[in-house]
Amino acid sequence: MQQPYTSPICELRGVQMRFPGPRGGVQRVLEDIRLDVRPDEILCLIGPNGSGKSTLLRLLAGLMPPTQGEVRHHGEKLDGLNPGVAMVFQSFALYPWMTVEENVRVVLRARDMPEGEVRERAHQAIRKVGLEGFEEAFPRELSRGTKQRVGVARALAVDPEILVMDEPFSQVDALTAEALRAEIMDIWADKERNPSAIVMVSQSIREALLMADRVAILSGSPGTLRTVVEVPMPRPRDSRSPEFMKLVDHLHDIFTSAELPDVQVTAPVPSAAAQDDQVEPLPMAQSGDILGLLEFLETQGGTSDLFQVASHTHVPFEKVLTTVKAAEMLDLVDTPKRAVLLTPLGKRFVNANMDDRKDLWRAQLLELQLFRVVQEMIHLEDGELSEETLLQELATRLPMEDPEKTFETLVAWGRFGELFAYREERGVLTPE
Ligand SMILES: Nc1ncnc2c1ncn2[C@@H]1O[C@H](COP(=O)(O)OP(=O)(O)OP(=O)(O)O)[C@@H](O)[C@H]1O
């Protein structure tokens, strides 16, 4: 339920984050983020891979300062760790050589608490997350769900105003995730006690809508805050209710219109010479996943929508998005609104035998400037283009991308289309 607005616990103002990029460049990760964390709210961040969600959490926790802009805690600019925040990590981040209880106590001792208080608080936190009886166990003896309970207990033990969680349920099975989600919401719902707010990254729109009062949607790379959607439904929420489904649709529309804008697919290009030199980044999708997507669409009469693809194929939404982007780049699918449909070429492709598929694939690769550049480079290097030279070219032409990842995708797509071969033992690309 939306709360009457009071002054925020934390504010991010004009926050920008840049990291040293691969090969000497600069990687712009977050741009001009303005976001508040309000008392008594659950705020979920969603966005594509690499849009800077985890970075935003780390900035909020004060684990590093932003390159520009400010993070404020009760109006004061942060200088170092945020005293109001405790974090739960996706990978649990437990000390393997310590028992459950020691894992919780260690963070309290780091705050210079008297030993009696350390014991008391650790005990309370362990009880809160249902870990009584596990105090003496070591992380290796615990299931993933139980490990994450320790992660939560450790964060709660310091009595944070804001509990920050980075995809906390992504490593645990669905049923355990459901239970943990409910327990954390119960703990948060006790208005007499901290945490007052929860800020979490989620990969799932459903999860965000089950939990959040507000969902902040980040887009692209560098990550910018696309919009913040209020979720006015009372709790507990029923994910099958029409109201819930409508909001799921709404969020998907926002998310996909940012990631898959409805732009006209460019017409085939007459010749390489007539093109400008711009190369497009490659979505990091495997050719096998693209084939899988096309085959799935064919079974659905040539059309489906993004969530159906994700839920029928049990592939995470973000991965589906990347695969669809790649297939769209190759003109094999089109994405009007949230739908994904096979183009006439996509239909021909999926119904062709393997040799014809490879021919069509190769022809589509050659519509992309990046592959024409690589082919030209192989030619200029007398049929042997070294990996090193190509990586340098990729770093120059695509300074925002990881050249090694682009190289891997490029080689995999090129191999599948038999456009060129990669001789791993010598680290060179040669004509097929
Ligand atoms: N300490 C760092 N040094 C250099 N680059 C970094 C650092 N931390 C993050 N990055 C880069 O910043 C970009 C955004 O990373 P981040 O983990 O914040 O994104 P994300 O949206 O959480 O992604 P995912 O959903 O894949 O976890 C990535 O390209 C990552 O490689």
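Computed from a predicted structure; not experimentally measured.

A.B. asks: So what exactly am I meant to see when it comes to helix 13 (residues 369-380) here?
C.D. replies: In an α-helix, one turn spans 3.6 residues, which is why side chains three or four residues apart end up on the same side. End to end, helix 13 covers 16 Å across 12 residues, agreeing with the expected 16 Å (1.5 Å per residue, within 8%). Buried residues of helix 13: Gln369, Leu370, Phe371, Arg372, Val373, Val374, Met377 and Ile378, and no others.

A.B. asks: I tried to follow a nonpolar patch on the surface on my own but got confused; where do I start?
C.D. replies: Taken together, the side chains of Leu63, Leu81 and Phe89 define a hydrophobic patch exposed on the protein surface, amounting to about 290 Å² of accessible area. Take Leu81: it is sitting in the loop between strand 5 (76-77) and strand 6 (85-88). With relative accessibility at 60%, the residue Leu81 sits in the exposed group.

A.B. asks: I'm lost on the sheet that holds strand 8 (residues 197-201) in this one. Help?
C.D. replies: The pairing of strands in a sheet happens through backbone hydrogen bonds and is either parallel or antiparallel. Judged by pairing direction, the sheet is mixed, and its six strands sit side by side in the order 6-7-8-3-9-10 without closing on themselves. With one partner strand each, in any of the chains shown, strand 6 and strand 10 (224-230) form the two edges of the open sheet. If you compare each strand with its neighbour and ignore which way they point, the axes differ by 20° on average. In this structure, strand 3 (residues 42-46) lies alongside strand 8, joined through four bridges in parallel fashion. Within strand 8, the residue paired with Leu43 across the bridge is Val199. Contacts from helix 1 (residues 53-60) reach strand 3, strand 6, strand 7 (162-166), strand 8 and strand 9 (214-219), with the element oriented near 155° to strand 7.

A.B. asks: For this particular structure, what's the right way to read the nonpolar core?
C.D. replies: Note that soluble globular proteins tend to have their nonpolar side chains buried in a common cluster. Counting 108 residues, the largest nonpolar core has Ile290 and Trp413 as the members making the most contacts within it. For this core, the element with the most residues is helix 10 (residues 317-329), which contributes seven residues. Discounting residues that sit within four places of it in the chain, Trp413 has contacts with Leu282, Pro283, Ala285, Ser287, Ile290, Ala326, Leu330, Trp361, Leu365, Leu368 and Phe371. Of all hydrophobic cores here, the second largest spans 29 residues; its members include Met17, Val37, Ala61 and Val164.

A.B. asks: Would you mind going over the layout of surface pockets with me for this structure?
C.D. replies: Rolled over the atoms, a probe sized like a water molecule indicates the empty space that remains. Taken as a whole, the second largest pocket spans an internal volume of roughly 1,100 Å³. As for the second largest pocket, its lining consists of 35 residues, and the residues nearest its centre are Gln203, Ser204, Ile205, Arg206 and Glu207. The greatest single-element share of the lining of the second largest pocket, amounting to six residues, is contributed by helix 7 (residues 242-259). Per-class residue counts for the lining of the second largest pocket are 17 nonpolar, nine polar and nine charged.

A.B. asks: Any chance you could explain the site of the ligand here in plain terms?
C.D. replies: Near the ligand you find 14 residues, and of these Gln27, Gly50, Lys53, Ser54 and Thr55 are the closest. In this structure, Gly52 approaches the ligand through a main-chain N or O atom, which is 2.9 Å from an oxygen atom. Between the ligand and Lys53 there is a distance of 2.8 Å, counted from an oxygen atom to a side-chain nitrogen or oxygen. Contact with the protein chains hides 64% of the accessible area of the ligand, taken as 640 Å² for the molecule alone. Counting residues per element, the ones that place at least two in the shell around the ligand are strand 2 (26-37) and helix 1. A total of four residues in the shell around the ligand trace back to one element, the largest contributor, which is helix 1.

A.B. asks: I tried to follow the environment of Val29 on my own but got confused; where do I start?
C.D. replies: Tracing the sequence through the fold places Val29 in strand 2. Owing to a relative accessible area of 9%, Val29 belongs among the buried residues under this scheme. Sequence spacing of Val29 and Thr224 is 195 residues, and the spatial spacing of their C-alpha atoms is 8.7 Å. Ignoring sequence-local partners within four residues, the contact set of Val29 consists of Met17, Phe19, Ser51, Gly52, Thr55, Pro222 and Gly223.

Rules used throughout
Residues numbered from 1 in each chain as written. Predicted model: local features only at pLDDT ≥ 70, side-chain atom pairs only at ≥ 80, totals over all residues. Heavy atoms only, no water. Helix = DSSP H or I, 4+ residues; strand = E, 2+ residues; numbered from the N terminus. Expected span 1.5 Å × (residues − 1). Buried < 20%, exposed > 50% of the residue type's maximum accessible area, 1.4 Å probe, protein only. Patch = residues over 30% accessible without salt bridge, like charges linked within 9 Å, V, L, I, M, F, W, Y side chains within 5 Å. Areas by Shrake-Rupley, 256 points an atom, 1.4 Å probe, with all protein chains shown as cover. Salt bridge = Lys/Arg side-chain N within 4 Å of Asp/Glu carboxyl O. Pairing = 2+ DSSP bridges. Axes fitted to C-alpha atoms, helices over the stretch in contact; angles between N-to-C directions. Contact = heavy atoms within 4.5 Å. Core = buried A, V, L, I, M, F, W, Y, C linked by side-chain atoms within 4.5 Å. 1 Å grid on protein atoms, 1.4 Å probe; cavity = no way out; pocket = protein on both sides within 12 Å on 5 of 7 lines; lining within 4 Å. Points joined across faces, edges and corners; volume = space filled by probe spheres on them. Nonpolar A, V, L, I, M, F, W, Y, C, P; charged D, E, K, R; others polar. Near = heavy atom within 4 Å. Polar contact = N/O pair within 3.5 Å; in protein donor to acceptor, adjacent residues only side chain to side chain.

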